Amino acid sequence: MVRSWYELPEYVRLRRVNGLRLSPDGTRLVAPVSDIAPDAKSFRSALWEIDIAPESEGGRAPRRLTRSTKGESGAEFLPDGSVLFSTGRVDPEAKTEDKPKAALWLLPADGGEARQVASRPGGVGAFTVARDSGLVAFTGKVLPGAEDDEADTEARKAREEAGVTAILHEALPVRSWDSDVGPDHPRIFTATPPEDEDARLGEPRDLTPDAGLSLLGASPALTPDGSTLLTSWSVPTSGGARREEVVAIDVATGERRTIAGGPDADFEFGSPAPSPDGTKVLVYADDEGSYDGEPRNATLWITDLATGEGRDLLPDHELWPQGYVWSADSSTVFLVADENGRRPVFRLDVATGALTRITGDHGAYSALNPSPDGRYVYALRDAWDAPPAPVRLDADATDGQPVHLRTPGSELTMPGTLTEIETTADDGTRIRSWLVLPEEASADSPAPLMLWVHGGPYMSFNGWTWRWNPWLLAARGYAVLLPDPALSTGYGQDMLRRAWGQWGPRTHADIMAITDAAEAREDIDAERTAMMGGSFGGYMANWIAGHTDRFKAIVSHASLWQLDGFSGTTDYPPVWENEFGTPLAQPERYQLNSPHLHADKIRTPMLVIHGDKDYRVPIGEGLHLWRDLLLHGVDAKFLYFPDENHWILTPGNAQVWYQTIFAFLDHHVHGKEWTKPELL
């Protein structure tokens, strides 16, 4: 029997393209592609080569380059065309480790067996290659006080043999997403490329022995000649907060200087990208907003590498750049940003500031790779009706269309249609949404409606997601509403100002307005409407539950419940406090916006979902919500994942997640008898 891709066992087996990298000569594309591991308990990734020409121009089928049980990730080219990548596979040429750490491996340009070329006692993290010289820079975690690899190895062994896992913290952050911070912290190392086909990288040199916490989350970049390393650098400020700057480090001397940021800067800076001519640096600039001032904002900054003088490249625009890259001649920047429920590619002339949108479709683009001859930009394109796949774009186009390349991913036919709807909120603001409709939806057979609210909240519902896929519901007969309410990006700063510090009331009004518009359609059954959301969407699920009983069922995933408790337990409280203040000093916004204050009004059946390893929205929020629902007699269930984080990432748990939601909806929306998923 042929099974459709939207049946859960098949869905988790779909091949997924996760990135794209073009070789310096513009002849090869390499992408990490994930699929399910042989034991079906995890996902693993491999590197694939993709032809730069579409099939209509003779493009060949993609071919797999790597294969191991641990999988491979990342891809950077050395000047000779060999591919550097990261993997935790065992090195057959070294002493066997009980638990191999991520290391750097090299795949020869002409094919053949990959070999390990660099490793660290604490593993290797982010890495990059200087385009011309081939110098390699990478991050590696080092225990405090360890002056070399031998000392680091001995210190780790001593902790393990003593059974010590404790970490003494003297500054924030303590945790990040699903990981503990420390006891080791990242430093950046540089190493020369292999001298011959059997050699490893040169002896790694520690460029940042004094880094401490300053390189958490950093990804290094190198000028093309390898003379200068660029990286974000975190500096402690008051109240446990930190300020992000960008520094340039002279590779020869180790001398470090700040080129973007400082105590008096209006923005924090990160993600540096040096120009191909080595004279300028693109930097992401963001302002987290202030309690009494403007909401958060972001822009793209350009800095002169020699002088440190910089300027805003988008002074007349309200786009938030999410990815940016230089053209080969250093005259143009290509970037992506949310815009009106899409994520198009823009071309920015550095000299004049002229901004042109080069994609005119409804796609969401990422992983930009301009060709050396200036003709094309290779990218990944996805949309609500298409998973990520490689495409070729005309670099000189205006509102152009993508040319699809042959993909190692999954090409899918959707079980329904995608459309847009919009309405006007009570304050006159336009609110728009994507609407996924099942194939059978019509005036004669209206579909039940599922409202999904996105996370963030500072994001847009504009592209494919493997974790929250509306087509799995559409295949079961539901229409799915995917709105961009207040706080969504891609609609200008006023969309944020409307709900800055007013998450509950303002966003709720927008969501109800667009839900009204959807329910007014003839192909929607307004009497059978449910709602779900995760993270901020889960917060809104909780808020909605306490302010209306119009929904048949509500699913709340990884949600905020009692805001004053959440404020001190989330992984980095200072960002939260920029908008909400602290509960003792500024309780007003907590009292205005906390869903738990409305627990006694909840009548709607609720499914609460939370992972124990979620450090962004800690498990206490889910436990407290569940307890309050029980105390108030709400028909509720709690789906708990002891080993998952903010997202449900393993194949088995992902299937159970969907199965439980489907069963909950069957019971409360369709009136079927409650049937617990078999594995629960």
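Described in the following lines is the structure provided in the data block. (Residues numbered from 1 in each chain as written. Predicted model: local features only at pLDDT ≥ 70, side-chain atom pairs only at ≥ 80, totals over all residues. Heavy atoms only, no water.)

Another point: the sheet that holds strand β19 (residues 256-260). The strands making up a sheet associate through hydrogen bonds between their backbones, and the pairing can be parallel or antiparallel. In space, the four strands of this open sheet follow the order β16-β17-β18-β19, with antiparallel pairing throughout. This sheet does not close on itself; its edge strands, each paired only once, are β16 (221-222) and β19. Of the strand pairs in this sheet, β16 and strand β17 (residues 228-236) are connected by two bridges, and their pairing is antiparallel. If you follow Leu222 over to β17, its bridge partner there is Leu229. (Pairing = 2+ DSSP bridges. Helix = DSSP H or I, 4+ residues; strand = E, 2+ residues; numbered from the N terminus.)

With antiparallel pairing, the four strands of this open sheet are ordered in space as β28-β29-β30-β31. Each end of this open sheet is capped by a strand with a single partner; those strands are β28 (364-370) and β31 (403-404). Bridge count between β28 and strand β29 (residues 376-383): five bridges; the pairing is antiparallel. Within the sheet, the bridge partner assigned to Pro370 lies in β29 and is Val377.

Before going further, it helps to examine the pattern of salt bridges. Applying the stated criterion across every chain yields a total of 37 salt bridges. For Asp426, the salt bridge is made with Arg506, and the minimal N-O distance between the two is 2.5 Å. In this pair, Asp426 sits in the loop between β32 (416-424) and β33 (430-438) while Arg506 sits in helix α5 (residues 503-519), placing the two residues 80 residues apart along the sequence. The exposure class assigned to Asp426 is exposed, which follows from its relative accessible area of 64%. With a closest N to O distance of 2.7 Å, Glu519 and Arg550 form a salt bridge. With a gap of 31 residues between them, Glu519 in helix α5 and Arg550 in the loop between α6 (536-545) and β37 (554-557) connect regions that are remote in the sequence. Here the salt bridges do not stand alone but share partners, grouping Asp426, Asp427, Arg498, Arg506 and Asp510 into one network. (Salt bridge = Lys/Arg side-chain N within 4 Å of Asp/Glu carboxyl O. Buried < 20%, exposed > 50% of the residue type's maximum accessible area, 1.4 Å probe, protein only.)

Topologically, Ser86 is positioned in strand β7 (residues 83-87). Since its relative accessible area comes to 9%, Ser86 is described here as buried.

Before going further, it helps to spend a moment on unusual backbone geometry. Cis geometry is found at the peptide bond from Leu172 to Pro173, where omega equals 0°. By the secondary structure assignment, Pro173 is in the loop between α2 (149-162) and β12 (175-176). A cis amide bond, omega 5°, links Gly182 with the succeeding residue Pro183. Relative to the helices and strands, Pro183 resides in the loop between β13 (179-180) and β14 (185-191). Here Trp177, not a glycine, exhibits a phi torsion of approximately 55°, which is positive. By relative accessible area, which is 33% here, Trp177 ends up partly exposed. Positive phi, normally seen in glycine, also occurs at Asn340, with a value near 55°. Structurally, Asn340 is set in the loop between β25 (332-337) and β26 (345-349).

With the rule as written, the count across this model stands at 30 aromatic pairs. Relative to Phe580, the ring of Trp503 lies with its centre 5.1 Å away and its plane at 90°, an arrangement referred to as edge-to-face. Of this pair, Trp503 sits in helix α5 while Phe580 sits in helix α8 (residues 573-580), placing them 77 residues apart in sequence. The exposure class assigned to Trp503 is buried, which follows from its relative accessible area of 6%. According to the relative accessible area criterion, Phe580 is buried, its value standing at 0%. Taking 4.9 Å as the distance between ring centres and 90° as the angle between the ring planes, the aromatic pair formed by Trp657 and Tyr658 counts as edge-to-face. Classification of Trp657 as buried rests on a relative accessible area of 3%. (Phe/Tyr/Trp six-rings, centres within 6.5 Å; stacked < 30°, edge-to-face > 60°.)

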